[in-house]
Amino acid sequence: MDVTEPVVRTAAGQVRGRTENGVAVFRGIPFAQPPVGDLRFAAPRPARSWDGVREAAVFGPPPPQSAFMLMPMAPVAPGADPDDWLTVNVFSPDPGAARLPVMVWIYGGAYRFGAASQIGYDGTVLARQNVVVVTFNHRIGVEGYAYLPGVPANRALLDQVAALRWVRENIAAFGGDPDRVTVFGESAGAGAIASLLVMPAADGLFRRAIAQSVPGTFFTPALAADVTAAIAAEAGLPPTTEAFAAADPARLTAAADAVRPGDHIGRWGPVAYTPTPFSPVIDGEVLPAAPWPSVATGAARDIDLITGHTRDEYRLFMHVYGLHGKVTAELADAALGALAPSPSAYRTAYPDADPETLFELVHSDWLFRMPTLHLAQAHAAAGGRTFLYEVRYPASVNNLGACHAIDVPLVFGNFPFPGETLFGPEPPPAAFALSRLMREQWAAFAAAGDPGWPAYAPGRRLTRIFDDPPDVVGYPEETSLHLWDQHRFGAIDLDTEAAR
């Protein structure tokens, strides 16, 4: 094999990659046919085969993106089919190796933006932990999640299943072990992983999972249909599959961007307090139930799980939305009333918290921290091998604290970008050290199911703290744990009274 331009044979044909910084990199390999034309809004179909050697040096095109996508992407192949969204990328430390552990990344982005070509998702540094890293594109926004009659729901999740099937069939040719596949993802990517844990179609396609900051939003069909109707109204279309299939994706994406959940307070319940009108739909077929009750009854007992969150999850959104110094008592009261299990209990539990602190706390707890904790509790209670963590190491800029997504550059080790947006142009040595530790522990878990800290168990809530220095302690957010103890995360429904 040419070590500078390695060639690998996949089930569909041969691909030629490039060796970059000691890692063999293959980009833009189709794992499914372009989901356009007759395949628009359909379940993914396997990629067609090709003759000869396909160049795999450049990423495939991203799926249609929300205008809220602000993260830079690497260039795509010149002359590539712009509709060829469903491609996979492989970063292998040794394509000639036998059965290295495999880590498959599922990107986040509020279920409305994201692509494997984002600069921060380059898998080269992580692959040097002697793991094969796989990233891929899947449909998002309207293409992936709009609830339409006569076509499968959750097409984004079906794309992920198709990519995992590709991994099972092909990863051995890249030096990976198809029986040691770990899925890992953050934010919407973690919500997708929580879904995959309980999806029949994903059964047997991965052995371990790492869910970083799991969002608690899953929709009933009634709510998802109402969201689709709102998007259709913005686009000037009827909410039908035929009308959507005939519309340009950019038109639908722009219409979805124009739908503000905050305009639907009451009607969409707590979803109105989120930045996105998309989430996985509990449709009863692709996704039969919300993750937490299914995991609690043993649906993912045989899957080893790491899950965790950051300490200051919502601080990033406070900054993005310009809310610092602007949260009034009325805003805090509204958020507590909509999201908290008991507003009065929150005020009692945090007696010294001002309105802004309460506002940030309840958003952090409802959207990410408590859904993540409850997933760990459900998995451990069902007998699964479970590991919990909290990132406490703070960003260096804009008073962001240990904010949402700070774990992504730490896990991938990609400095200066996107790490510099959180740690400045010269990240402190402690950030590099913590990044190295997280990569080592993620890779150790992928290899053998043990990240190097004690497992989480009911009554013994040991938690890895990623900070300077790192530590292992009892779950640190005990106050919020008790506030949410009786809450049950499930499908969010349309308020039928408000909808009349």
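Residues numbered from 1 in each chain as written. Predicted model: local features only at pLDDT ≥ 70, side-chain atom pairs only at ≥ 80, totals over all residues. Heavy atoms only, no water.

Caption draft 1: Here's a closer look at the overall build of the protein. For the protein, the helix and strand inventory stands at 17 helices and 14 strands. The C-alpha radius of gyration of the protein comes to 22 Å, within 12% of the 23 Å expected for a compact globule of 500 residues. With the C-alpha coordinates aligned to their principal axes, the bounding extent of the protein is approximately 65 × 55 × 45 Å. Counting all 500 residues of the protein, 59% fall into the buried class. Sequence-distant contacts in the protein: of pairs separated by 6 or more residues, those separated by 24 or more amount to 76%. (Helix = DSSP H or I, 4+ residues; strand = E, 2+ residues; numbered from the N terminus. Rg over C-alpha atoms; globule rule 2.2 N^0.38 Å. Buried < 20%, exposed > 50% of the residue type's maximum accessible area, 1.4 Å probe, protein only. Contact = heavy atoms within 4.5 Å.)

Caption draft 2: Focus on the side chain of Asn89. The topology assignment puts Asn89 in strand S6 (residues 87-92). With a relative accessible area of 1%, Asn89 lands in the buried category. From its side chain, Asn89 meets the backbone nitrogen of Gly28 in a polar contact 2.9 Å long. Here Asn89 is in contact with Phe26, Arg27, Gly28, Phe59, Ala116, Val133, Val134, Thr135 and Phe136, once residues within four sequence places are set aside. (Polar contact = N/O pair within 3.5 Å; in protein donor to acceptor, adjacent residues only side chain to side chain.)

Caption draft 3: Structural view of unusual backbone geometry. With an omega of 5°, the peptide bond between Asp468 and Pro469 qualifies as cis. Within the secondary structure layout, Pro469 lies in the loop between strand S13 (462-466) and strand S14 (471-474). The phi dihedral of Tyr111 is positive, around 60°, even though this residue is not glycine. Even without a glycine there, the phi angle at Asn154 is positive, about 55°. Note that Asn154 resides in the loop between helix H2 (141-145) and helix H3 (155-170). A relative accessible area of 0% places Asn154 in the buried class.

Caption draft 4: Local environment of the sheet that holds strand S7 (residues 100-106). Strand order in the open sheet made by the 11 strands is S3-S4-S6-S8-S7-S9-S10-S11-S12-S13-S14, with mixed pairing throughout. For this open sheet the edge positions go to strand S3 (18-20) and S14, each flanked by a neighbour on one side alone. Direction aside, neighbouring strands of the sheet carry axes that sit 25° apart on average. Where S13 lies against S14, four bridges are found, and the strand directions are antiparallel. (Pairing = 2+ DSSP bridges. Axes fitted to C-alpha atoms, helices over the stretch in contact; angles between N-to-C directions.)

Caption draft 5: Examining the pattern of salt bridges more closely. Within this structure, the stated rule accounts for 25 salt bridges. In this structure, Arg168 and Asp179 form a salt bridge, with 3.7 Å as the shortest nitrogen-oxygen distance. With a gap of 11 residues between them, Arg168 in helix H3 and Asp179 in strand S9 (residues 176-186) connect regions that are remote in the sequence. For Arg315, the salt bridge identified is with Glu360, shortest N-O distance 2.8 Å. Of this pair, Arg315 sits in helix H9 (residues 315-320) while Glu360 is found in helix H12 (residues 355-381), placing the two residues 45 residues apart along the sequence. Connected through shared salt-bridge partners, Arg99, Arg168, Asp177, Asp179 and Arg180 make up one network. (Salt bridge = Lys/Arg side-chain N within 4 Å of Asp/Glu carboxyl O.)

Caption draft 6: Region of the structure containing the packing of aromatic side chains. Under the defined criterion, the tally for this structure stands at 27 aromatic pairs. With a centroid separation of 4.6 Å and an interplanar angle of 50°, the aromatic rings of Phe415 and Phe432 are classed as tilted. With Phe415 in the loop between helix H13 (407-412) and helix H14 (419-423) and Phe432 in helix H15 (residues 429-448), this residue pair connects regions lying 17 residues apart in the sequence. On the accessibility criterion, Phe415 (19% relative accessible area) is buried. (Phe/Tyr/Trp six-rings, centres within 6.5 Å; stacked < 30°, edge-to-face > 60°.)

Caption draft 7: How the structure looks around the packing of helix H10 (residues 329-339) against H12. Between H10 and H12, the shortest axis-to-axis distance is 8 Å and the interhelical angle comes to 25°. One element, H10, and the other, H12, form an angle in the roughly parallel class. Judged by the twist between their axes, the crossing of H10 over H12 is left-handed. Contacts from Ala329, Leu331, Ala332, Ala335, Leu336 and Leu339 of H10 reach H12 at Pro355, Leu358, Phe359, Val362, His363 and Trp366. Broken down by class, the residue content of the contact of H10 with H12 amounts to 11 nonpolar, one polar and no charged. (Parallel < 35°, antiparallel > 145°, perpendicular 65-115°, else oblique. Left-handed = near helix turned anticlockwise from the far one by under 90°. Nonpolar A, V, L, I, M, F, W, Y, C, P; charged D, E, K, R; others polar.)

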